Amino acid sequence: MTGDVMRVAVLRALGGPLEIETRPRPVPGPGQVLIRVRAAGLCHTDLHLADGSAVTPPLPLVLGHEIAGEVVTVGEGPDPGTDSRTEPGDRVLAYYYEGCRACAWCAEGSENLCPRPAAKVGFDTDGGLAEYYLAGARSLVPIADSVPFAEAAVLGCSGTTAVRVVRSVARVAPDETVVVVGAGGVGLSVIQVAVADGARVLAIDPHGPSRKQALAFGAADALDPLAGDPVARVLAATGGEGCHAVIDTVGDEHTPGRSVRMARTRGRVVLVGYTGRPATLDVLDVVVRETEIRGSVGATLADARTVMAMAAEGLIHGRVDAEYPLGEVNTALARLAAGDVTGRLVITP
């Protein structure tokens, strides 16, 4: 595509395919940067948005909140939210929350909790399944030359989520035992961050290749929940006490209850994944063990900077199963929905 236009993948109807359309290429204004998208990761949240199963987005919408690329043009005029300068040719990751900048959450850097965000890229504002993306200058994080665009893109969600979960929400300490339920894109990143922080990790996933990847990323063991009671196996692996923390990246009808039973007395259970379907758990299990249950949503700009620094040091990698051109985005989404993916799929517009 040449000239002042670009191709985008647009969701126009819930449950329908994304449609490839041509739009004018955006022109950045003050505090904005035009990025040539080199990689846009696909997340299970994109499936939830596309079918409206858990979140109903405004339509039409360009999905995609895992965005990495090169700076093309920088708008004239400063952005009061940043003192850094971005130049054409810079390799950057785009953080996907834009808070109101006025509430207490934004003041402490937790834009992911802002009650009145200006934008949630790919959720309620056009995202990165496009050849070009218009970003706020303050949301950009440098990508080291050693980190491929595809890996950077998927770490923009899975890696940032993992850093927040492990360090801020689950508060994992060295030598603790952590169970990671689900070794998909987020789960594999959680494993790597927990291992980097000195924890012993047990992964649980029915997908053989994902279990193999979990071991390659440092998990001490990877259990198939279909090959025996996962709760009993975790208890056996921890001398009957249970683990210090369980991070549930699945969130289906069964995993929250199982997660509580895997945790030791005063253990921490963090819910990250969701399906939109109700889950059940025995309140007595929570009460008698004084279990701490918390949710974790998204990540902060500081988390994004941390992840890119870890990637530059080789401490975390984005597991990319396959890359697809923009015109094959529906094929990629169908494969993601089928569940036979190790890590993430990436669109390369």
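In this text, all values refer to a predicted model and were calculated from it rather than measured experimentally.

Asker: Please explain the overall build of the protein as it appears in this structure.
Answerer: Looking only at helices and strands, one finds 10 helices and 18 strands in the protein. Over its C-alpha atoms the protein spans a radius of gyration of 20 Å, differing by no more than 12% from the 20 Å that the globule rule assigns to 349 residues. Taken over the C-alpha atoms alone, the protein extends approximately 65 × 40 × 35 Å along its principal axes. Looking at the 349 residues of the protein, the share that counts as buried comes to 55%.

Asker: So what exactly am I meant to see when it comes to helix 5 (residues 208-216) here?
Answerer: Given 3.6 residues per helical turn, the α-helix brings residues three or four places apart onto the same face. For helix 5, the complete set of buried residues consists of Ser210, Arg211, Gln213 and Ala214. For helix 5, the arc enclosing every buried residue in end-on projection is 160°, short of the 170-degree limit, so these residues lie on one face. The outward face of helix 5, more than 90 degrees from its buried face, is lined by the exposed residues Lys212 and Ala216. The elements touched by buried residues of helix 5 are helix 4 (185-196), strand 12 (200-204) and strand 13 (221-223). Backbone geometry just after helix 5 places glycine 218 at a positive phi near 110°.

Asker: What should I look at first to understand the packing of aromatic side chains in this one?
Answerer: For any pair of aromatic rings, the description rests on two quantities: the centre-to-centre distance and the angle between the ring planes. The full count for this structure, using the stated rule, is four aromatic pairs. Grouped by ring-pair contacts, the aromatic residues Tyr95, Tyr96, Tyr97 and Phe123 constitute a single cluster. Lying across the ring of tyrosine 132, arginine 36 places its NZ or CZ 5.3 Å from the centre. Just above the ring of phenylalanine 123 sits the side chain of lysine 120; from NZ or CZ to the centre is 5.3 Å.

Asker: Explain the pattern of salt bridges here, please?
Answerer: Side chains that differ in charge, positive against negative, can pair when their charged atoms come close. Applying the stated criterion across every chain yields a total of 15 salt bridges. Linking glutamate 111 and arginine 138 is a salt bridge whose minimum nitrogen-to-oxygen distance equals 3.1 Å. Here glutamate 111 is found in the loop between helix 2 (104-107) and strand 8 (119-120), whereas its partner arginine 138 is found in the loop between strand 9 (132-136) and strand 10 (140-142), with 27 residues between them in sequence. Accessibility expressed as a relative area gives 5% for glutamate 111, which makes it buried. Residue arginine 138 is classed as buried on the basis of its relative accessible area of 16%. Here arginine 289 ties to aspartate 285 by a salt bridge, and the two come within 3.8 Å at their closest N and O atoms. Highlighted residues: arginine 289 and aspartate 285, both in helix 8 (residues 283-289), separated by four residues, approximately one helical turn. Under the relative-accessibility criterion, aspartate 285 is labelled buried at 17%.

Asker: Sorry if this is basic, but what is going on with helix 6 (residues 230-237) here?
Answerer: Taken together, the buried positions of helix 6 are Pro230, Val231 and Val234. The buried residues of helix 6 occupy an angular sector of 100° when the element is viewed end-on, so they sit on one face. Of the surrounding elements, those touching the buried residues of helix 6 are strand 11 (177-181), strand 12, strand 13 and helix 7 (255-262). The backbone nitrogen of valine 231 has a side-chain oxygen 3.0 Å away, supplied by the residue at the start of helix 6, namely aspartate 229.

Asker: How do you make sense of the sheet that holds strand 15 (residues 263-271) when you look at a structure like this?
Answerer: Strand pairing in a sheet relies on backbone hydrogen bonds, with the paired strands running either antiparallel or parallel. Taking strand neighbours across the sheet as the criterion, the six strands line up as 13-12-11-14-15-16 in an open arrangement whose pairing is parallel. Both edges of this open sheet fall to strand 13 and strand 16 (292-295), since each of them pairs with a single strand only. Shown here is a sheet whose adjacent strand axes are inclined to one another by a mean of 20°, direction ignored. With five bridges joining them, strand 11 and strand 12 adopt parallel strand pairing. For valine 179, the partnering residue across the bridge sits in strand 12 and is leucine 202.

Asker: I keep staring at the nonpolar core and nothing clicks. Help me out?
Answerer: Most often, soluble globular proteins keep nonpolar side chains buried together rather than apart. Leu129 and Ile191 are the most contacted members of the largest nonpolar core, which totals 95 residues. Of the residues forming this core, the biggest block, 12 residues, is contributed by helix 3 (residues 149-169). Once residues lying within four places of it in the same chain are set aside, the contact partners of isoleucine 191 are Val180, Val201, Ala203, Ala214, Phe217 and Ala219.

Asker: Looking at this structure, how should I read the sheet that holds strand 2 (residues 18-24)?
Answerer: Taking strand neighbours across the sheet as the criterion, the three strands line up as 2-1-4 in an open arrangement whose pairing is antiparallel. For this open sheet the edge positions go to strand 2 and strand 4 (61-62), each flanked by a neighbour on one side alone. In this sheet, strand 2 lies alongside strand 1 (residues 5-11) in antiparallel orientation, the contact comprising seven bridges. Within strand 2, the residue paired with valine 10 across the bridge is glutamate 19.

Asker: Mind showing me how you'd approach unusual backbone geometry here?
Answerer: Residues other than glycine predominantly adopt negative phi, and peptide bonds predominantly adopt the trans conformation. A cis amide bond links leucine 59 with the next residue in sequence, proline 60, at an omega value of 0°. As for its placement among the helices and strands, proline 60 is situated in the loop between helix 1 (44-51) and strand 4. Positioned with a positive phi, arginine 101 is a non-glycine residue whose angle comes to about 70°. Note that arginine 101 resides in the loop between strand 7 (97-98) and helix 2. A positive phi angle is found at glutamate 290, which is not glycine, with a value near 50°. Inspection of the secondary structure assignment puts glutamate 290 in the loop between helix 8 and strand 16.

Calculation rules
Starting from 1, residues in each chain are numbered consecutively following that chain's sequence as written. In view of the model being predicted, local features appear only for residues whose pLDDT reaches at least 70, and side-chain atom pairs are presented and counted only at 80 or more, with totals across whole chains, interfaces and linings using the full set of residues. Each side-chain value is derived from all of the structure's non-hydrogen atoms; neither hydrogens nor water enter the calculation. Each helix is a run of DSSP H or I of at least 4 residues and each strand a run of E of at least 2, with the numbering of both proceeding from the N terminus. Throughout, radius of gyration means the C-alpha value; the globule benchmark is 2.2 Å times the number of residues raised to the power 0.38. Categorising residues by exposure relies on relative accessible area from a 1.4 Å probe, with only protein chains included: less than 20% of the type maximum marks a residue as buried, more than 50% marks it as exposed, and the intermediate range marks it as partly exposed. In this description, the arc belongs to the directions extending from the helix axis to the C-beta atoms. A contact between two residues is defined here by any heavy atoms of the two lying within 4.5 Å. Here a Phe, Tyr or Trp ring, Trp counted by its six-membered ring, pairs with any other such ring whose centre lies within 6.5 Å, and the pair is stacked when the planes are under 30 degrees apart, edge-to-face when over 60, and tilted otherwise. Ring-over charges, as used throughout, are those where CZ of Arg or NZ of Lys falls within 6 Å of the ring centre and within 35 degrees of the ring normal. By salt bridge we mean one thing: a side-chain nitrogen of Lys or Arg within 4 Å of a carboxyl oxygen of Asp or Glu. Each polar contact in these results corresponds to two N or O atoms within 3.5 Å; when the atoms are within protein, one needs to be able to donate a hydrogen and the other to accept it, and residues that are neighboring in sequence are counted only if both atoms are side-chain atoms. By the convention used here, strands pair only if DSSP detects at least 2 bridges between them. Between N-to-C directions, angles span 0 to 180 degrees; the directions come from axes that are lines fitted to C-alpha atoms, helices contributing only their stretch in contact. Each nonpolar core is a collection of buried residues, namely Ala, Val, Leu, Ile, Met, Phe, Trp, Tyr and Cys, held together in the definition by side-chain atoms within 4.5 Å.

Limitation: the analysis is restricted to geometry and does not speak to function.
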